[in-house]
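An overview of the molecular structure
In case you want the letters, here they are:
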Amino acid sequence: MSDYNKEEIRRIEEKWRNEWKKRQVYKVQSGASKKPKYYVLDMFPYPSGAGLHVGHPLGYIASDIVARFKRLKGFHVLHPMGFDAFGLPAEQYAIEHGIHPAKSTAQNIENFIRQMDKIGFCYDWSLEVRTCDPAYYKWTQWIFLQIFDSWFNRKNNKADRIAGLARIFETEGNANHLFPNLKYKLPGSNETVFTAADWKKYDERTRQEILMQYRLAYLAYTDVNWCEALGTVLANDEVINGVSYRGGFPVVKKQMRQWSLRITEFAERLLKGLDEIDFSDSMKDIQRNWIGKSTGAKVTFKIGSEKSKVADMMVFTTRPETIFGVDFMVVAPEHEMVKDITSESQRKAIEKYLAYVESRSEIDRMAEVKKITGEFTGAYAINPFDGREIPIWISEYVLAGYGTGAIMAVPCGDERDHKFAKHFNLPITNIIGSYYNGKEANPTYDAVLENSDFLNGLQMKEAIPEVVNKLEKLGIGQRQVNYKMRDAGWSRQRYWGEPFPVIYRDDMPYAMDEKDLPLELPDSNYFRPSGTGEGPLANLKDWIRINDHERRDSNTMPTHAGAAWYFLRFTDPHNKEKFASREALDYWGQVDVYIGGAEHAVAHLLYARLWVKILHDLGYLNFDEPFKKLINQGKITGDSRYVYRVRGTHKFVSAGLKDRYETDPLHVDVNIVNGLELNLEAFTQWKPDFANAEFILEEGQYICGSAIEKMSKSYFNVVNPDDIIDSYGADTLRMYEMFLGPLEQSKPWNTNGIDGVFKFLRKFWNLYHDQKGNVSVSGEGPTREELKVLHKTIKKIESDVDNFSFNTSVSELMICVNELTSLKTNKRAILEPLVISLAPFAPHMAEELWEKLGHSETILNASFPEYKEEYLKENSFEYPISINGKVRAKMAFALDMPKEDIEKVVLASEIVNKWSEGKPPKKIIVVQGRIVNVVL
RNA sequence: GCCAAAGUGGCGGAACUGGUAGACGCGCACGACUCAAAAUCGUGUAUCUUCGGAUGUGAGGGUUCGAUUCCCUCCUUUGGUACCA
């Protein structure tokens with residue numbers, strides 16, 4: 001007897017897990033193959049201690065289906081898995097429990113692999129990488145050094161070796177390659193340009209200082225997000241609404257000497273690259289938004305003030321055509337000119353305002369963005385065109401870090417400027433006529449300019465080039481592009497990360513020798529940050545200090561580092577000479593499809609794209625975008641359950657009656673709730689606190705409240721895939737997760753429909769077995785009807801998998817099985833191709849059936865059946881309509897004409913009647929050979 | 001506030017470039033099997049209906065012979081972003 005029941009499922013799945021391992025069926029053949037390649041990759045997980053919940057495998061199942069499908073279609077498939085194993089949680093865990101991150105991480109990985117194997121993924125585990133493995137991070141460090149050893153050459157728009165730049169300086173100075181960071185001044189001077197002769201005079205230290213301003217990985221004092229509670233610096237994307245992404249602790253600005261990656265130089269290429277790659281529109285939008293390109297002009301205003309020593313003031317504006325509407329200027333409080341331009345009479349007020357700004361934390365600023373504050377400096381700028389004197393204010397709504405840190409305020413056109421003007425009662429010049437109503441600013445581009453001197457009568461759109469040309473001609477302005485994106489902070493004050501492979505001499509970092517890599521993370525039990533801003537490694541004095549003149553960096557890299565290139569390592573993960581061989585990189589090339597969560601839109605994906613671009617420029621890769629196509633699987637949320645405790649008692653009241661009491665909601669473990677009904681006995685045993693709980697029931701039941709929240713241990717709403725596999729098997733889990741809905745959509749987990757999927761698999765199984773449970777397929781030739789069902793299914797599955805529409809392909813398989821069941825099909829010619837099309841979805845069952853059909857090789861080596869269009873066509877006849885003996889039209893009808901078609905024939909005769917009455921119909925709408933409408 | 005995506009039965013969701021809305025599954029109802037229940041199998045299941053039909057894809061309008069699909073306005077939800085000049 002071999003019914004498809006729990007024991008049988010367990011036997012089959014266990015059997016094939018072992019067989020697959022034993023036969024090494026997933027082993028990727030190294031070296032180029034004649035077959036076309038296909039690289040399908042999951043975003044590798046951080047191995048958290050909580051293990052996998054049912055949400056994690058969603059993307060992995062999808063990629064597994066694609067990998068198996070592509071293999072059956074004759075592709076040479078690379079489908080690896082690894083672990084993003086450095087990271088803060090392991091370090092936090094170490095601080096709390098004294099267990100070394102290396103140890104807890106290794107344990108967690110083991111658990112992840114166990115769970116993944118149970119789902120039947122076709123990973124070649126011999127390719128596994130872990131970012132925390134010295135053999136891996138040796139190359140993370142090596143790539144970092146390549147970045148450190150590069151600069152961005154704006155002349156050819158690519159990364160070049162820094163040695164080349166030094167040669168340029170030696171022969172021509174830096175006149176042709178001004179500092180990317182325009183604020184940088186030469187040591188001991190106010191100049192930014194030096195000659196070849198100057199360069200030759202500089203000492204080594206100065207030269208390195210200058211080169212540092214060009215390196216793509218550079219060290220600088222930067223304002224960083226300092227989180228006191230975590231004792232570390234956070235990247236911009238780890239700070240949300242002024243608090244830390246993890247833990248929600250307050251974050252303040254602090255100046256520290258940090259590594260940064262000069263990603264801003266690549267802003268334009270990162271933007272352009274989006275046009276060539278297949279990411280969803282929303283993903284591209286998020287990246288475009290993050291990069292934040294805006295085009296405008298830089299304009300210089302002369303300053304007239306009580307003191308005349310002051311230099312010019314530069315502003316950035318996207319609306320240079322509004323220059324005659326400038327009623328005041330605003331500069332950031334941190335702007336370097338504030339001190340110089342402030343008049344004596346305003347000095348006190350300004351100092352007071354600066355103190356106020358200083359006192360405001362990041363959170364205050366975030367929380368009160370609408371609050372209008374500012375102070376007049378006493379200084380005036382001169383409008384270069386009409387000589388008007390414009391008061392200069394300072395205000396925190398102008399950011400020091402963007403543009404020039406100063407703006408020209410046009411209150412009639414800009415909402416913020418308008419509010420500022422109203423608040424401080426500043427006069428407002430209207431340059432857009434009726435477009436401005438006096439109450440709110442209008443940022444239109446359509447207005448015809450007024451009060452605008454030589455721009456009068458021009459539409460704003462036309463006026464922009466006009467005014468920019470004039471500015472350029474007068475030498476007081478120029479076209480300018482600005483980006484919101486900042487350079488990426490690359491230092492973390494943490495233990496559990498890659499050490500920076502540099503040695504400091506005289507406070508200047510020098511690359512370590514390649515042969516000395518990896519610079520291993522020293523073994524330590526001091527994980528606690530020093531609290532001064534330095535990381536835990538600073539505690540290891542012997543490691544930090546090499547000798548009297550040399551020391552190491554106490555920071556480590558962010559987790560983004562290991563993740564920025566792991567997809568390259570997978571092509572050749574055991575290479576000891578290179579980060580991957582050129583042959584492997586050239587063969588596997590770009591990732592054909594990358595599946596992962598949308599939450600990595602701005603950090604991981606941008607850094608990965610950056611690293612690939614740099615490696616490409618330096619000649620290590622022949623492509624400069626890592627991922628051809630990106631699929632973002634939706635999050636699976638948890639469906640939490642609540643009980644309501646009457647305040648101050650042991651009484652729990654059912655949800656329907658809770659409003660009659662004063663209650664506190666408590667999360668309750670979803671596993672002791674059936675639907676919404678609480679299992680009272682299980683509840684009293686769940687926690688000691690609840691042992692003597694009393695219940696206020698409605699209709700004899702305790703009904704829980706519910707809410708959709710993220711799956712989390714603390715909400716007790718986590719569903720473990722292991723449990724589902726225990727009761728239904730991995731094949732059902734796989735198909736059910738796909739069946740839940742569109743892959744890219746977020747959805748709550750519920751098991752309501754899982755029986756349907758399970759029943760389908762049993763029906764499928766039964767197709768191949770007779771009443772006694774023996775495999776029985778007949779060699780008879782299939783009927784046309786059977787062939788139609790089969791080929792329809794193959795066609796649908798093929799197009800669905802290509803479109804990542806797995807929920808509909810599961811439906812299609814269900815329809816197919818229903819139809820074949822009612823046709824009582826047991827023919828090999830139908831069932832053999834059908835089981836192949838099931839294989840990507842339910843590999844265990846497919847493999848078992850395949851073997852039972854008499855095949856000794858794995859089903860993975862079969863080939864996916866081709867569908868034949870001829871079986872999909874309807875049998876049809878053409879029906880001619882003749883008027884006065886002349887054939888005027890032909891209509892096609894199916895032989896097995898359904899009722900609706902008969903109605904169409906009736907309709908047709910109506911047409912004939914109308915026609916013969918001398919009133920031809922206005923229109924006959926025929927779609928696919930059928931009349932769908934007649935307009936009389 | 002701005003940007004993007006999405007709103008379809010009791011529920012999850014189908015419907016390819018405009019062409020029979022509600023596939024498939026869950027749930028529910030009825031039936032078969034059973035002493036009975038569970039499991040299983042079968043049938044039905046948008047709403048209203050005077051059983052002729054009528055109405056239906058967030059709301060309102062438009063284009064079209066024909067709109068879930070395209071356009072405009074509004075509402076709601078989700079994601080991103082936040083004084084970026």
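Residues numbered from 1 in each chain as written. Chains lettered and ligands numbered in written order. Predicted model: local features only at pLDDT ≥ 70, side-chain atom pairs only at ≥ 80, totals over all residues. Heavy atoms only, no water.

Moving on, we come to the protein's contact with RNA strand B. In the neighbourhood of RNA strand B, 40 residues make up the surrounding shell, with S294, T318, R416, L740 and Q745 lying closest. Taking all atoms of RNA strand B within 4 Å of the protein, the share assigned to sugar and phosphate is 58%. At 3.3 Å from a sugar or linking oxygen of RNA strand B is found a side-chain nitrogen or oxygen belonging to T317. One of the side-chain N or O atoms of Y402 is found 2.7 Å from a phosphate oxygen in RNA strand B. Residue assignment for the surface near RNA strand B shows that the elements contributing at least two residues are α10 (281-291), β11 (313-317), α24 (754-767), α26 (806-822), β33 (923-927) and β34 (930-935). With 6 residues, α26 is the single largest residue contributor to the surface near RNA strand B. Across the surface near RNA strand B, the residue classes tally to 17 nonpolar, 13 polar and 10 charged. (Near = heavy atom within 4 Å. Polar contact = N/O pair within 3.5 Å; in protein donor to acceptor, adjacent residues only side chain to side chain. Helix = DSSP H or I, 4+ residues; strand = E, 2+ residues; numbered from the N terminus. Nonpolar A, V, L, I, M, F, W, Y, C, P; charged D, E, K, R; others polar.)

A word on the sheet that holds strand β18 (residues 502-505). Pairing is antiparallel in the open sheet, where 3 strands are placed in the order β19-β18-β20. A single partner strand is all that each edge strand has here, and the edge strands are β19 (508-511) and β20 (550-551). Sheet topology note: the β18/β19 ladder contains 4 bridges and is antiparallel. Paired with Y504 across the bridge in β19 is P509. (Pairing = 2+ DSSP bridges.)

Further remarks concern the confidence of the model for chain A. Of all residues in chain A, 90% attain a pLDDT of 70 or more, and the chain-wide mean is 87. Every residue in residues 876-900 scores below 50 in pLDDT, and together they form 48 contacts with partners more than four places removed in sequence or on other chains. When the criterion is pLDDT under 50, residues 913-918 qualifies, and its contacts beyond four places in sequence or with other chains add up to 7 contacts. With pTM at 0.90, the complex prediction returns an ipTM value of 0.93. (pLDDT = per-residue confidence, 0-100. Contact = heavy atoms within 4.5 Å.)

Moving on to helix α23 (residues 730-739). In terms of burial, α23 is largely enclosed, as 9 of its 10 residues are buried. Inspection of α23 places A730, D731, T732, L733, R734, M735, Y736, E737 and M738 among the buried residues, and these make up the whole buried set. Positive backbone phi, approximately 160 degrees, marks G741, located one or two places after α23. (Buried < 20%, exposed > 50% of the residue type's maximum accessible area, 1.4 Å probe, protein only.)

Taken in spatial order, the 4 strands line up as β2-β1-β21-β22 in an open sheet, and their pairing is parallel. One side of each edge strand has no neighbouring strand; the edge strands of this open sheet are β2 (76-78) and β22 (630-632). Taken over all neighbouring pairs, the strand axes of this sheet differ in orientation by 20 degrees on average, direction set aside. Bridge count for strand β21 (residues 593-596) against β22 is 3 bridges, and the pairing is parallel. Bridge pairing links I595 to I631 in β22. (Axes fitted to C-alpha atoms, helices over the stretch in contact; angles between N-to-C directions.)

Along an α-helix, a turn takes 3.6 residues, which lines up residues three or four apart on a common side. For helix α2 (residues 57-72), with 16 residues, the first-to-last C-alpha span of 22 Å sits near the 22 Å given by 1.5 Å per residue. Across the 16 residues that make up α2, a large majority, 15, are buried. (Expected span 1.5 Å × (residues − 1).)

Bringing the packing of helix α5 (residues 134-148) against helix α20 (residues 604-617) into the picture now. Contact geometry for α5 and α20: axes closest at 10 Å, N-to-C directions at 65 degrees. By the criterion of interaxial angle, the relationship of α5 to α20 is roughly perpendicular. In the packing of α5 onto α20, the handedness of the crossing is left-handed. Note on element contacts: α20 touches α5 through W611, I614 and L615, opposite T140, I143 and I147. Class assignment of the residues belonging to the contact of α5 with α20 gives a composition of 5 nonpolar, 1 polar and no charged. (Parallel < 35°, antiparallel > 145°, perpendicular 65-115°, else oblique. Left-handed = near helix turned anticlockwise from the far one by under 90°.)

Right, let's get into unusual backbone geometry. Following L517, the chain continues into P518 via a peptide bond in cis, with omega recorded as 0 degrees. At N425, a residue that is not glycine, the phi angle is positive and equals roughly 60 degrees. Within the fold, N425 resides in the loop between α14 (415-423) and α15 (460-474). Overall, N425 belongs to the exposed group, its relative accessible area being 68%. In this model, D453 sits at a positive phi of 50 degrees, which is unusual for a non-glycine residue. Mapping D453 onto the fold places it in the loop between α14 and α15.

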